[in-house]
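Commentary on secondary and tertiary structure
Residues per chain, in single letters:
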Amino acid sequence: MSIWFGGDYNPEQWDEPVWAEDDALMRAARVNTATVGVFSWVRLEPDEGRYDFGWLDATLDRLAERGIQVILATPTASPPPWFTLAYPDAMPVTRDGVRLTHGSRDTYCAAAPSYRAAARRMAATLAARYGQHPAVALWHVHNEYGTQCWCEHAALAFRSWLQKRYGAGADGLAQLNAAWGTTFWSQCYSAWPQVVPPRATQWRGNPGQLLDFCRFWSDELLAAYCEQRDEIRAAAPGVPVTTNVMLPDYQVIDPWAWCREVDVVAVDHYLSSTGPAGHADIAFAADRARSWAGGRPWLLMEQATRLVYAAGGRVLSRPPGRMLRDSLGYVARGSDSVLFFQWRASRAGAEMWHSAMLPHAGPDTAAFREVAELGAAVQRLGEVAGSRVTARAAVLLDADSWWALDGQGLRGADLRYLDAVRRDHAALRRAGVVCDVAHPEAALSGYRLLLAPALYLVTDAGAEALRRFVAGGGVLVVSFGSGLVDQAAQVRLGGYPGALRDLLGLRVEEFFPLPDGETVPLSGRGPGPVPPGARGATWSELIDVTGAEVLASYAAGPLAGHPAITRHEVGPGSAWYLSTELDDPAHDQVIAAALAAAGLGPEVPGVPPGVEAVRRWGAGGQSWLFLLNHTAEPATVPARGVDVLTSVEAAGCVQLPPGGVAVIREVRGP
Ligand code: GLA
């Protein structure tokens, strides 16, 4: 067993003499895995139908001889210029009607038949040639699916998706009109050709249309993936197939649906911050990936060694000395790999300043030495491969809520879906609790605590699942913005939050968004979970309790004296409601009270703040305790066993230096 270590390898960008240096340096860094061919379409098919596999044959044979396994990609995320000229109709069109052309990557409409045929042909051709190649351990279809398009092909495909959902003909159209509420602003459709993607329009668009368009694109891209996967499976039976899901702050695909179609879940994750928020984000990324994998081990397909092009045009650089700790952040939470984009930093091209395992300055660099040290550490971790992380708490995560809330959601609230989910996840992490993310309609009975942050859209089935969870003794903490709309993104009437009103034992009459930067004081009732001095921000609501107990009320403003935080006992379980955004200490205290009610505590009691402790469990009951000290102070953590990284025994506790790590193969007993 081994943890996969390496990254994207693009030898076609380099002359042959460089390959020998790659061999030697990969050996020095203990690279055991190379992802090959991700964007190599033009080198494989220089002109339509004319193939050149020489360099790829040589690369795969060479890597096999060196004992390096290959993740072989299909190159369909980057069609060559000849493709544009041959199939101009397959170039993507933006919402504003601008047709794009080649010059970058992802210039295609995945609903265009000519693109789909070309992509499928490429997958079949590669699979026929390399399906039995001994170096190929995994197939990697495409790269980071996520490109939407608003062209005529997309319009046709969208209509046919809608007809499957609502029915064809006039009846289907009537259903669609009802679901989208098109009587508002006189938008009723009287014939199917009038239904188009949500292209640029004069002002605000239709929420139902926007939501269905997101659902459609997730399904359309998934169909494109499945076509390639099935070609590969036919020619390479037994070799797993996946695609790399990117983990940005926006959402184009529904990962729950996608991850059912891959043989192993693979994600790309880049630092969003170099401070504590970055550590929290690594944990959040890893917990998402593991949960999408149903708890099975998953692969970190890409991260950056140092400099990363972050969201919003920012450039971040991972501080020296953090590569091991950050990488262990993923492995601790179930990754069986530490892979990077990319092996050798490019000399040219759009990402030539992006960091790599081997920097421009060469191997005699602090960065490469850190990579080699990481390779040595990862090699020692082979024994943890295949082991699992277990969690009894989860944060609910749903693509529909994300699309609906961020697309056309709650007016007046500075409420971004992922921020709300991240916030609850971070609170559990601060409490030392390892959690999953879970879909509201999934099997939930294995959990004791569920957090529902901004779960804006709740289906009838979702509401029923949450009712069953609480009735079965679970603790549910719901935050404002949840349960407001049904699956068509229409308001649930009779008082908010319609889907969860009875479960929460309350009824919200009206919203009172708080202006930016304004907070409202809260007053707790007796010795409760809301600390004195707590304040709410962003949002407040006029609540009538119909069975819930009031834990804290608004202490000033138009809602003074009205409930703010409530708890409703339901049989052996309870459903809590936060109608405002609590400051961090108050939020942590409410989460601590909910954890106590659920009978849950930290993974390792007595761990100092800022030290992360996560366990992986092997099939035979062996456990490994990952300890990551994110503070600038030394830390002492209770542990018994042997540090796999250093072979040093821990006889009751481990001393971690500032920024230090340990992976303890635990022993139990006296
Ligand atoms: C993504 C892509 C890579 C590369 C990196 C760095 O994850 O998959 O090809 O572009 O980002 O930006």
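Details of the structure are given in the entry above.
A short tour of the structure in this document, coming up. (Residues numbered from 1 in each chain as written. Predicted model: local features only at pLDDT ≥ 70, side-chain atom pairs only at ≥ 80, totals over all residues. Heavy atoms only, no water.)

A short note on the overall build of the chain
The test is simple: Strands are runs of DSSP state E lasting at least two residues, helices are runs of H or I lasting at least four, and both sets are numbered from the N terminus onward. Put simply, the radius of gyration uses C-alpha atoms, and a globule should come to 2.2 Å times the residue count raised to 0.38. Categorising residues by exposure relies on relative accessible area from a 1.4 Å probe, with only protein chains included: less than 20% of the type maximum marks a residue as buried, more than 50% marks it as exposed, and the intermediate range marks it as partly exposed. Throughout, a residue-residue contact means that at least one pair of heavy atoms, one from each residue, lies within 4.5 Å. We get accessible surface area from the Shrake-Rupley algorithm with a probe of 1.4 Å; when it comes to residues, only the shown protein chains can shield them. For the purpose of counting charges, residues Lys and Arg are taken to be positive, whereas Asp and Glu are taken to be negative. His and the chain ends are not included. Here the site of a charge means NZ on Lys, CZ on Arg, CG on Asp, or CD on Glu.
Within the chain, the regular secondary structure consists of 17 helices and 28 strands. Over its C-alpha atoms the chain spans a radius of gyration of 26 Å, differing by no more than 12% from the 26 Å that the globule rule assigns to 670 residues. Here the chain, with 670 residues, has 59% of them falling under the buried criterion. The long-range share in the chain, meaning contacts at least 24 apart out of those at least 6 apart in sequence, stands at 71%. For the chain, the exposed area adds up to about 25,600 Å²; of that, 54% sits on carbon and sulfur atoms. Put simply, the chain has 57 plus and 71 minus side-chain charges, and the middle of one group is 2 Å from the middle of the other.

Observations concerning the site of the ligand
Where we set the bar: Note on terminology: near, applied to a residue and a molecule or strand, indicates that one of the residue's heavy atoms is within 4 Å of it. What qualifies as a polar contact is a pair of N or O atoms within 3.5 Å, subject to a donor-acceptor requirement within protein and to the restriction that residues adjacent in sequence count only when both atoms come from side chains. Polarity classes work like this: nonpolar for Ala, Val, Leu, Ile, Met, Phe, Trp, Tyr, Cys and Pro, charged for Asp, Glu, Lys and Arg, and polar for all others, with Gly in that last group.
Around the ligand, the neighbouring residues are Phe39, Arg105, Asn143, Glu144, Asp268, Tyr270, Glu302, Phe341, Glu351 and His354. At 2.9 Å from an oxygen atom of the ligand is found a side-chain nitrogen or oxygen belonging to arginine 105. Contact distances for the ligand include 2.8 Å between an oxygen atom and a side-chain N or O atom of asparagine 143. Out of a free accessible area of 300 Å², the ligand has 93% covered by protein chains. Residue classes in the shell around the ligand are distributed as three nonpolar, two polar and five charged.

Description of the sheet that holds strand 3 (residues 69–73)
To keep things clear, this is the line we draw: Should DSSP find at least two bridges between two strands, the strands are taken to pair.
Taken together, six strands build an open sheet; the order of strands is 5-4-3-2-1-11 and the sheet is parallel. Of all the strands in the sheet, the pair left with one neighbour each is strand 5 (241–242) and strand 11 (337–340).

Let's talk about the pairing of strand 28 (residues 661–666)
Burial of strand 28 is extensive: five of the six residues sit out of reach of the surface. In terms of strand pairing, strand 26 (residues 635–643) meets strand 28 through three bridges, oriented antiparallel. Directly across from valine 642, in strand 28, lies its bridge partner arginine 665.

Details of the nonpolar core
For clarity, the threshold we go by: Nonpolar cores are built from buried Ala, Val, Leu, Ile, Met, Phe, Trp, Tyr and Cys residues. Side-chain atoms within 4.5 Å join them into one set.
Counting residues in hydrophobic clusters, the biggest one holds 203 residues, and the most contacted among them are Val36, Trp139, Trp217, Leu428 and Leu449. Residues Leu627, Ala635, Ala639 and Leu656 belong to the second largest nonpolar core, which totals 13 residues.

Points about unusual backbone geometry
Cis peptide bonds are those with omega within 30 degrees of zero, and the linkage from phenylalanine 341 to glutamine 342 qualifies with 0 degrees. Within the secondary structure layout, glutamine 342 lies in the loop between strand 11 and helix 12 (366–380). Along the chain, tyrosine 496 connects to proline 497 via a cis peptide bond; the corresponding omega equals -20 degrees. In this fold, proline 497 is placed in the loop between strand 15 (475–479) and helix 16 (501–504).

Some details on the packing of aromatic side chains
The line we're drawing: When two rings of Phe, Tyr or Trp (its six-membered ring) have centres within 6.5 Å they constitute a pair, described as stacked for plane angles under 30 degrees, edge-to-face for angles over 60, and tilted for the intermediate range. Two thresholds decide whether a charge sits over a ring: the Lys NZ or Arg CZ must be within 6 Å of the ring centre and within 35 degrees of the ring normal.
Across all of its chains, the model carries 27 aromatic pairs by this definition. A connected cluster of aromatic rings, assembled from ring pairs, spans Trp150, Phe158, Trp180, Tyr189, Phe213, Phe216 and Trp217. A cation sits over an aromatic face here: arginine 344 above tryptophan 14, 5.3 Å from the ring centre. The positively charged end of arginine 567 is found above the aromatic ring belonging to tryptophan 576, 5.0 Å away from the centroid.

Brief notes about the pairing of strand 3
As a general feature of sheets, a regular strand has side chains that alternate between the two faces. Strand 3 sits mainly inside the fold: four of its five residues count as buried. Of the strand pairs in this sheet, strand 3 and strand 4 (residues 136–140) are connected by four bridges, and their pairing is parallel. What sits directly across from valine 70, in strand 4, is valine 136.

Some points on the state of the cysteines
Which entries qualify depends on this criterion: Throughout, a disulfide means two cysteine sulfur atoms within 2.5 Å of one another.
Enumeration over the complete set of coordinates arrives at zero disulfides. We note that cysteine 149 lacks a disulfide partner, and the nearest cysteine sulfur, in cysteine 151, lies 3.5 Å from it. Not engaged in a disulfide, the cysteine cysteine 214 finds its nearest cysteine sulfur in cysteine 149; these two sulfurs lie 14 Å apart. For cysteine 214, a relative accessible area of 17% corresponds to the buried category.

Brief notes about helix 17 (residues 584–598)
Owing to its 3.6 residues per turn, the α-helix brings residues three or four apart onto one side. Just so we agree on the cut-off: A helix is expected to reach a length of 1.5 Å times the quantity of its residues less one.
Between the first and last C-alpha of helix 17 there are 21 Å, a value that for 15 residues agrees with the 21 Å anticipated at 1.5 Å per step. Of the residues making up helix 17, those classed as buried are Ala586, His587, Val590, Ile591, Ala594, Leu595 and Ala598. The secondary structure elements touched by the buried residues of helix 17 are helix 14 (417–430), strand 14 (449–452), strand 15, strand 22 (573–578) and strand 23 (581–582). Where helix 17 starts, the residue carrying a side-chain oxygen 3.0 Å from the main-chain nitrogen of alanine 586 turns out to be aspartate 583. Within two residues after helix 17, glycine 599 carries a phi angle of roughly 70 degrees, on the positive side.

Re the sheet that holds strand 28
Stated formally: All axes are obtained by fitting lines to C-alpha atoms, using only the stretch in contact for helices, and the reported angles, taken between N-to-C directions, cover 0 to 180 degrees.
Read across the open sheet, the five strands follow the order 24-25-28-26-27; overall the sheet is antiparallel. For this open sheet the edge positions go to strand 24 (611–617) and strand 27 (649–656), each flanked by a neighbour on one side alone. Here the strands of the sheet are splayed against their neighbours by 30 degrees on average, with no regard to which way each runs. The strands touched by helix 11 (residues 323–332) within the sheet are strand 24, strand 25 (623–629) and strand 28, with strand 25 carrying the most contacts at an inclination of about 145 degrees.

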